[in-house]
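Analysis of the macromolecular model
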Amino acid sequence: MTQSPAVRTTGRSGPVRIGERAARTLATELARINDPKVALLVGASPESAVLAAAIEALLPGDRLTVVPAESSGVTALREHVAAQGRWVADRVSVIDSLAEAEAAGVVIAGEAFTGTAEDTRNTIETLVKHLADGGVLSVATTATPGRTTGAAAELVRQDALYGVGTDLVLRNSPPVRIYRLRFTPASPAAADRLAPAHRPSSVPLTRGMHIDSNGVAAAGITLGLAVLARVARPSSKLWLLPALAAGPVAAFFRDPQRDVPEDPAAVVASADGQVLSVQRLHDERFGEGEWLRIAVFLSVLDVHVNRAPVAGKVVDYFVADGGFVNAMKPDAEHNVAAYTVLDTSHGTVVVAQRTGLIARRIVQRAPIGALLAKGERFGLIRFGSRTDVYLPAEAAEPLVGPGDKVVGGSTVIARWR
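Only a predicted model underlies this, so the values are computations on that prediction, with no experimental measurement involved.

**Brief notes about the overall build of the chain**
Helices and strands together make up the secondary structure of the chain, namely nine helices and 24 strands. Computed over its C-alpha atoms, the radius of gyration of the chain comes to 23 Å, within 12% of the 22 Å expected for a compact globule of 417 residues. Taken over the C-alpha atoms alone, the chain extends approximately 70 × 65 × 40 Å along its principal axes. By residue count, 54% of the 417 residues in the chain fall in the buried class. Of the contacts formed within the chain by residues at least 6 apart in sequence, a portion of 74% connects residues at least 24 apart. For the chain, the exposed area adds up to about 18,400 Å²; of that, 55% sits on carbon and sulfur atoms.

**Considering the domain arrangement of the chain**
In terms of domain boundaries, the chain breaks down into domain 1 (20–185), domain 2 (209–254) and domain 3 (263–416). Placing a centre on the C-alpha atoms of domain 1 and another on those of domain 2 gives a separation of 38 Å.

**Observations regarding the side chain of K37**
Its location among the elements puts K37 in the loop between α2 (28–32) and β1 (38–44). Within the structure, K37 has its side chain in polar contact with the backbone oxygen of I33 (distance 2.7 Å). Within polar-contact distance, the side chain of K37 engages the side chain of D62 at 2.8 Å. Excluding its chain neighbours within four sequence positions, the residues that come into contact with K37 are L30, L59, G61, D62 and R63.

**A closer look at the environment of H304**
For H304, the location among the structural elements is in the loop between β13 (290–298) and β14 (305–307). For H304, a relative accessible area of 2% gives the class buried. On a C-alpha basis, the gap between H304 and A243 in space is 22 Å, while along the polypeptide they are 61 residues apart. Here D302 takes part through its backbone oxygen, which lies 2.8 Å from a polar atom of the side chain of H304.

**A few points about helix α4 (residues 74–82)**
Looking at α4, one finds that the buried residues are V74, L77 and V81. For α4, the buried positions fall inside an angular range of 65° around the axis, keeping them on one side. Residues of α4 that are exposed and angled more than 90 degrees away from the buried face: T75 and E79. Of the surrounding secondary structure, the elements contacted by the buried residues of α4 are β1, α3 (49–56), β2 (63–68), α5 (86–89) and β3 (92–94).

**Concerning the pairing of β1**
In terms of residue burial, β1 counts as a mostly covered element, since seven of its seven residues are buried. In the sheet, β1 pairs with β2 via six bridges, with the strands oriented parallel. By the bridge assignment, V42 is partnered in β2 with V67. Once you follow β1 into α3 and on to β2, the crossover reads as right-handed. Pairing of β1 with strand β4 (residues 104–109), which is carried by four bridges, proceeds in the parallel orientation. Counterpart to V42 in the pairing with β4 is A109.

**Looking at the sheet that holds strand β24 (residues 412–416)**
Adjacent strands of a sheet pair through backbone hydrogen bonds, lying either parallel or antiparallel. Across the sheet, which stays open at both edges, the three strands sit in the order β11-β24-β22 with antiparallel pairing between neighbours. Two strands close off the open sheet at either side, each with one partner strand: β11 (266–268) and β22 (396–398). In this sheet, adjacent strand axes meet at a mean angle of 30° when their direction is disregarded.

**Observations concerning a nonpolar patch on the surface**
Together, V203, L205 and V216 make up a nonpolar patch on the protein surface, roughly 240 Å² of accessible area in all. With respect to the secondary-structure elements, V203 resides in strand β8 (residues 203–206).

**Here's the deal with the side chain of D302**
Among the structural elements, D302 can be located in the loop between β13 and β14. Take D302: its relative accessible area is 13%, and that puts it in the buried class. A distance of 2.9 Å separates a polar atom in the side chain of D302 from the backbone nitrogen of S299. Setting aside residues no more than four positions away along its own chain, D302 makes contact with F252, R254, D272, G273, F297 and K405.

**Here we look at the pattern of salt bridges**
Inspection of the entire model under this criterion finds 20 salt bridges. Close ionic contact of D263 with R415 constitutes a salt bridge, the shortest N to O distance being 2.3 Å. A residue pair is termed long-range when its members are at least 10 positions apart, and D263 in the loop between β10 (254–256) and β11 and R415 in strand β24 qualify at 152 residues. Between D388 and R354 there is a salt bridge, with the nearest N and O atoms lying 2.6 Å from each other. In this pair, D388 sits in strand β21 (residues 385–392) while R354 sits in strand β17 (residues 347–354), placing the two residues 34 residues apart along the sequence. On the accessibility criterion, R354 (1% relative accessible area) is buried.

What counts and what doesn't
Residues numbered from 1 in each chain as written. Predicted model: local features only at pLDDT ≥ 70, side-chain atom pairs only at ≥ 80, totals over all residues. Heavy atoms only, no water. Helix = DSSP H or I, 4+ residues; strand = E, 2+ residues; numbered from the N terminus. Rg over C-alpha atoms; globule rule 2.2 N^0.38 Å. Buried < 20%, exposed > 50% of the residue type's maximum accessible area, 1.4 Å probe, protein only. Contact = heavy atoms within 4.5 Å. Areas by Shrake-Rupley, 256 points an atom, 1.4 Å probe, with all protein chains shown as cover. Domains from an automatic or database assignment. Polar contact = N/O pair within 3.5 Å; in protein donor to acceptor, adjacent residues only side chain to side chain. Arc of directions from axis to C-beta. Pairing = 2+ DSSP bridges. Right-handed = clockwise from strand over helix to strand, strands pointing away. Axes fitted to C-alpha atoms, helices over the stretch in contact; angles between N-to-C directions. Patch = residues over 30% accessible without salt bridge, like charges linked within 9 Å, V, L, I, M, F, W, Y side chains within 5 Å. Salt bridge = Lys/Arg side-chain N within 4 Å of Asp/Glu carboxyl O.

Below you can see the structure in the form of structure tokens.
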């Protein structure tokens, strides 16, 4: 028996190849949950990169159920799983149809959606029925205009009421966009058991260093200006200015790997930089009581990727209007700022991304409903800026002071009492 037509993902244009990078992104939620879990992969074949990524993400206590793709037979898939060895065969089971599947904490569509908007909605509704409470559905749509309707992609966004995470994977043919959808609320405590999510849009330079996608785009624009200048004025050396600037521009957006402390009581720095102040204050926007605020200044030489200081669930996000004062000055707390509010096991925690004299662009990638692991990347600020972490004063003890240098995701700035 093959996959039910009710979960058909492909349209007239046929299936879309999902390569290793996109497959790893589809399996991100499965890979980052450290507790024993049940997962469901719908639409797999023996040669599927998604199946390989899902198997690679398994931990000893996990179980993975696989439904064959329409083009694949159950027998061939079972033989493939058995050939992976006893460890895999004990944890992976192949079933004849989706109707036999039990509820799973992670459901993965193994093929990209290329059908109509109606097909997409029907498929999502069918797959959602197999999600456990707080579970995540991971699906892919083509990112190439004309291959998947804009309406279908919009449906993928709108149908998830409790959090949408997206990743664009350009290194796939054709490029695909990965959606991680949550249709029922997840407990904030679930974030304590997560590892930071894999981010495919950053470009790896070495095993420990990446360049954020914003840096790739900025460097590309700079090189484009160099080419235009060279073509427009071939006898001039002005083209060297943007050409030589491409390297420093890309370096500004560097995104290094970080070792996040495993201590559950540790609160880590949200950004690289120098501690400006550690103070207790009141801010009614975040609730009653006193807050411990640790402010960190990021110079243009610091890494500007921002990370979650604690594990938690994003419950609010808002932008406050203001000025663009030098981020090192006290008045910078009245600059334009984006506030990400987290619900955690220890209470409410807030991260403020503040603009500076030069910084005018804040990027925040964690939508409301998203779960963030401690040390997980959630955004960045372009050029010199400031990042503030607000903790419940009665629950946290500061471990840094003004003038200390901190490293985002690694330096412990406070500890839960």
